[in-house]
Amino acid sequence: MPAISSRKLFVFLLAAFLLGMAGLVWATEDQKDPAKDKNPGHSFHAEAFNEGPRQAAYLMQGMGNVHWKISTESPMAQRFFDQGISQLHGFWYFEAERSFRQAASIEPDRAIFYWGMARANTENPARSAGFIEQAMKRIEKSSPLERRLIEAWSRRVKDWPKPPEEKKAEEKKAEEKKTEEKKDGDKDSAKSESKGSKKKPNVTDEIRDKRKERFKNYARELDEIVQDYPEEIELKAMLVLQLWQNQGQGNDIQSYTALDSLLEDIFRRNPRHPAHHFRIHLWDYRKEKLALKAAAECGPSAPGIAHMWHMPGHTYSRLHRYADAAWQQEASARVDHAHMIRDRIMPDQIHNFAHNNEWLIRNWLNIGRPTDALLLAKNMIELPRHPKYNAPSGNGSSSLGRQRLLQTIRTYHLWPQTAELVDSIYLKATEGSTRADEVQMLRGIAAYETGKKDIADSILQSMKDLRRGLIIEVETANQLTNTSKPAPPKLLEPSDAPKDLWGEQRDLSFVDRVMQEFDESKWKDKPKEEIDRQKSLHEKNYRSYRLAGYINTLEAYGAAHKGDFKQAVRRSSEARDTIDDWQRIAWTQAAGEHEIAIAKARDAFNGSEGEVLPSALFAIVAHRAIEAKPQSKQLDQWKQDRTRALERSAKLVWSCEPGIPWIEQAKQIAASVSPELAWQTSPPERKDLGDRPVLDSLGPVRWVPSMAPSWSLGTPEIQSSTPLASSEPVAMALNSSSNLRGKPYVMILYLGFGCLHCTEQLKTFSPKLQAFKDAGIQIVAVSTEDTQSLSDALKRFDGTMNIPLMANPDLDIFKSFRCFDDFEGQPLHGTIFVDGQGRIRWQDIGYEPFTDADFLLEEAKRLSATP
């Protein structure tokens, strides 16, 4: 057995102590009795505690040197409070809430810890109000300063101004909850709640004004507190942040210099204070050079917080220092990945994670690293999806990764790779969707660009036929009814293309624009059947509209393949999102229009300072124009253009990966016209970057799933008419991770048959067992009950239970899979997908069970097919 270091032993003992404190101190004895708990998995304290992290915090490395003495007498609670404050400074809200919860588990009656939880939910007013209510209940033991902070935050979030429909939805939700409790659970109410939450509320001017006033008043209170406690630098940091955030509610900053002076006062007292983060925000989009010192200090001030490495990327990107920005964003990604893998957090649960990675891809494209960009974009698509935080149509890794994958392909013309990607999980789309049509367009472009004209022409024709069919469907449906008829999109024909060679880029001016969202309000007085019919017609119209754009793009590539470059350029003027400017410039020059091409290339070059690819491409365009028209009156200007482009390329090329065709062409041109030009092979010397660790020391550049813990239980209970002797071998093959080695499985950790929500979950998954098996995936379920209770409950079960059930009254399996509330000492609902290599690929852990079996089946199949 390997030796355990004294440090690790200390951490282990500390964690054990804190876990005990969480269960024994923060929960009362009667609350811990599952038999008395009507809502297993729900917090014993208040609704606000249901969500968020419910596993114990630990003292993390790299949280900075923040220390703010509060009224607690517990040194450990103080340390967790300090950690939470530092995490708030780094916008690491998920872990900040965990740290404050840990402090509260040590000292439950200290109000300031609940204030911390409320601040960790600054973007969730409802939960924030729930936590501050807990703080107000305990405010009597607070210091005068703590009392003022708690009361000020309470005034900020209590009775948060909401649109009428949002209020009604919440009232309905509360009423449904009461009804559900009376009936011991009603699954229909949960369904209506989830449907009602999808509609975005209409925030009126009146509500905006009320919110604006709330923020303004809170900032005024903070300012007064700072005046009364001038030595408290944490208060000054909070004030700077609040005044910056107030801009989002329409309260302009009156003096940027005054706020910067406040920050400078903080740094005089603590040069490595994480408020460097706020200085970057303060000068972002204004005068980024004033934030360069903060950019150097931000990451080192709290190196264990990913967002602190990310923020300097803002400053460097605005200053066109894309290599420096990419370094920062890669550091952020690595720190995030290390944390997620270590603590088994699903990636998109972390604030800002997807945004950082997609911006890193953009900056890698700016500095000539398309291979790294492609790999990270694919990794983002590979990440586990969840209806709450990484839905394919949302703003999580799945959607942003796909956008950046397509951008990488278009920017670097990776058409040979695209021919493979269109049939991979990375671009797979639901048949009949606009995304599937987009993939067909990409397949057609790849075919044209790799010399497979017949295939490309066939794809183009099939898309035209599809669009005509959709239009005919809409027209026929309209003729069969007397209702208002949505105008069907026009048929797209080649003759409809714009006649000018390079006009202003437009959005399919020759067809009627169709918005993606269906405006149901126009049909609110109609029967549901008519609304559904109109929605179906709208979806066909929208698909037809998008098809027009895809067809137009393929027409452009087809024209270029035939040598009709003028037609290709005309077509491309209507393909704003699918054909980039440099492709249009290349076709323009191929059409012999060198003056137009070089003018457009010059504009693009001037607008892309610090980007290596536009520099090389401009040099190529200028050189071709010089060679094609040596007698042009613009020859001297073109030569100057070529020189400028080559000189910039030579300075930027050090960051490029080898083998980029346009870079090699630029080098060849330079060898013939500027042989003395030195091509930089190492990064420029910078004296303003601060301390930078070795990137590999921070974590992996791409996310990989964590290994699942080993587990073993007794014989599963299987509801079967066959004798136990014949069913036992089957059952025993499912009772441990070693017996399931090499086989993917879904593990449902449920809170016994006494939990009605758990019963509904099992009833949902049980009929799907065969579908999971057909996909090569087993389902097992683990209960908090003992073996006898489980057997008795199964006999009373009013239905067919196909899933093998196992007893785990000791809850060690729940704890090992983190399906346990360490603060309150109670198990949580968990649904886990483990792949054939024993890695946790997907999980849902919380106060309610996951019940969308169809979603998980498709997601498990996708993840199983993912490399």
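Located above this text is the structure these notes cover.
Summary of the structure given here.

## Quick word on the packing of helix 16 (residues 322–343) against helix 17 (residues 353–366)
Angle between the axes and distance between the axes: these two values describe a pair of packed helices.
Here is step 1 of the chain: Running from amino to carboxyl end, helix 16 crosses helix 17 at an angle of 145 degrees, the nearest separation of the two axes being 9 Å. Where helix 16 crosses over helix 17, the handedness of that crossing is left-handed. Residues Tyr 322, Ala 325, Ala 326, Gln 329, Glu 330, Ser 332, Ala 333, Asp 336, His 337 and Met 340 of helix 16 form the contact with helix 17, whose participating residues are Phe 353, Asn 356, Asn 357, Trp 359, Leu 360, Asn 363, Trp 364 and Asn 366.
Here is step 2 of the chain: Residues that form the contact of helix 16 with helix 17 fall into these classes: 9 nonpolar, 7 polar and 2 charged.

## Some remarks on the nonpolar core
Here is step 1 of the chain: Ranked by internal contacts, the top residues of the largest apolar core, which has 85 residues, are Trp 364, Leu 405, Leu 427, Met 463, Leu 554 and Trp 587.
Here is step 2 of the chain: Top element by residues in this core is helix 27 (residues 612–628). It accounts for 11 residues.
Here is step 3 of the chain: In contact with Met 463, other than residues within four places in its own chain, are Asp 437, Gln 440, Met 441, Leu 547, Tyr 550, Ile 551 and Leu 554.
Here is step 4 of the chain: In this structure, Phe 113, Tyr 218, Ala 294 and Ile 345 belong to the second largest nonpolar core, which totals 84 residues.

## Comments concerning helix 29 (residues 661–673)
Here is step 1 of the chain: Over its 13 residues, helix 29 runs 19 Å from end to end, which matches the ideal 18 Å to within 8%, given 1.5 Å per residue.
Here is step 2 of the chain: Within helix 29 the residues assigned to the buried category are Trp 662, Ile 663, Ala 666, Ile 669 and Ala 670. Along the long axis of helix 29, the arc covered by the buried residues comes to 120 degrees, so they all point the same way. Opposite the buried face of helix 29, by more than 90 degrees, sit the exposed residues Pro 661, Gln 668, Ala 671 and Ser 672.
Here is step 3 of the chain: Those residues of helix 29 that are buried lie in contact with helix 19 (397–412), helix 27 and helix 28 (635–652).

## What about the sheet that holds strand 1 (residues 745–750)?
Here is step 1 of the chain: In spatial order, the strands read 3-2-1-6-7; together these 5 strands make up an open sheet with mixed pairing. Both edges of this open sheet fall to strand 3 (805–807) and strand 7 (840–846), since each of them pairs with a single strand only. Sheet twist, expressed as the mean angle between neighbouring strand axes with direction ignored, is 15 degrees.
Here is step 2 of the chain: By the bridge criterion, 6 bridges tie strand 1 to strand 2 (residues 778–783) in an arrangement that is parallel.

## Comments concerning the packing of helix 4 (residues 111–119) against helix 5 (residues 125–137)
Here is step 1 of the chain: Two elements in contact, helix 4 and helix 5, have axes separated by 8 Å at closest approach and are oriented at 170 degrees. Taken together, helix 4 and helix 5 sit at an angle that is classed as roughly antiparallel. Within the contact between the two elements, helix 4 uses Ala 111, Tyr 114, Trp 115, Met 117 and Ala 118 and helix 5 uses Ser 128, Phe 131, Ile 132, Gln 134 and Ala 135.
Here is step 2 of the chain: Taken together, the residues that form the contact of helix 4 with helix 5 break down as 8 nonpolar, 2 polar and no charged.

## Describing the side chain of Ser 706
Here is step 1 of the chain: Note that Ser 706 resides in the loop between helix 29 and helix 30 (724–732).
Here is step 2 of the chain: Once residues lying within four places of it in the same chain are set aside, the contact partners of Ser 706 are Met 340, Ile 341, Arg 344, Gly 838, Arg 839 and Ile 840.

## Regarding the pairing of strand 1
Here is step 1 of the chain: Counting buried positions along strand 1 gives 6 out of 6 residues, so the element sits mostly inside the fold.
Here is step 2 of the chain: Where burial is concerned, the two faces of strand 1 agree: the one with Tyr 745, Met 747 and Leu 749 and the one with Val 746, Ile 748 and Tyr 750 are both buried.

## Regarding the packing of aromatic side chains
When we look at a pair of aromatic rings, we describe it by the centre distance and by the angle of the planes.
Here is step 1 of the chain: Within this structure, the stated rule accounts for 22 aromatic pairs.
Here is step 2 of the chain: Geometrically, the ring pair formed by Tyr 412 and Trp 662 is tilted, given 6.4 Å between the ring centres and 50 degrees between the ring planes. Remark: Trp 662 occurs in helix 29 and Tyr 412 occurs in helix 19; sequence separation between them is 250 residues. In this structure, Tyr 412 and Trp 662 share a single accessibility class: buried.
Here is step 3 of the chain: Between Trp 711 and Tyr 745, the aromatic rings sit 6.0 Å apart at their centres with planes inclined by 65 degrees, giving edge-to-face as the arrangement.

Conventions we followed
- Along each chain, numbering runs from 1 in the same order as the chain's sequence is written.
- Predicted model: local features are reported for residues with pLDDT of at least 70 only, side-chain atom pairs are reported and counted for 80 or more only, and whole-chain, interface and lining totals are derived from all residues.
- Only hydrogens and water are set aside when side-chain values are computed; all heavy atoms of the structure are taken into account.
- To get an axis, a line is fitted to the C-alpha atoms, and for a helix only the part in contact is used. The angle between two axes follows their N-to-C directions and goes from 0 to 180 degrees.
- Per the convention used, a helix needs a DSSP run of H or I reaching at least four residues, while a strand needs a run of E reaching at least two, with both numbered from the N terminus.
- Left-handed describes a crossing in which the near helix is turned anticlockwise from the far one by less than a right angle; the clockwise case is right-handed.
- In this analysis, two residues are considered to be in contact whenever any of their non-hydrogen atoms come within 4.5 Å of each other.
- Note on residue classes: Ala, Val, Leu, Ile, Met, Phe, Trp, Tyr, Cys and Pro are nonpolar, Asp, Glu, Lys and Arg are charged, and everything else, Gly too, is polar.
- Definition of nonpolar core: a set of buried residues of the types Ala, Val, Leu, Ile, Met, Phe, Trp, Tyr and Cys, connected through side-chain atoms within 4.5 Å.
- In this scheme, a residue with accessible area under 20% of its type's maximum is buried, one over 50% is exposed, and one in between is partly exposed, where area comes from a 1.4 Å probe on protein chains only.
- One less than the number of residues in a helix, times 1.5 Å, gives the span that helix is expected to have.
- The arc refers to the directions leading from the helix axis to the C-beta atoms.
- Two strands pair if DSSP finds at least two bridges between them.
- Relative orientations are named as follows: roughly parallel for angles under 35 degrees, roughly antiparallel for angles over 145 degrees, roughly perpendicular for angles from 65 to 115 degrees, and oblique for any other angle.
- Aromatic pairing here means that ring centres of Phe, Tyr or Trp (its six-membered ring) are within 6.5 Å. Orientation follows from the plane angle: under 30 degrees is stacked, over 60 is edge-to-face, and everything else is tilted.

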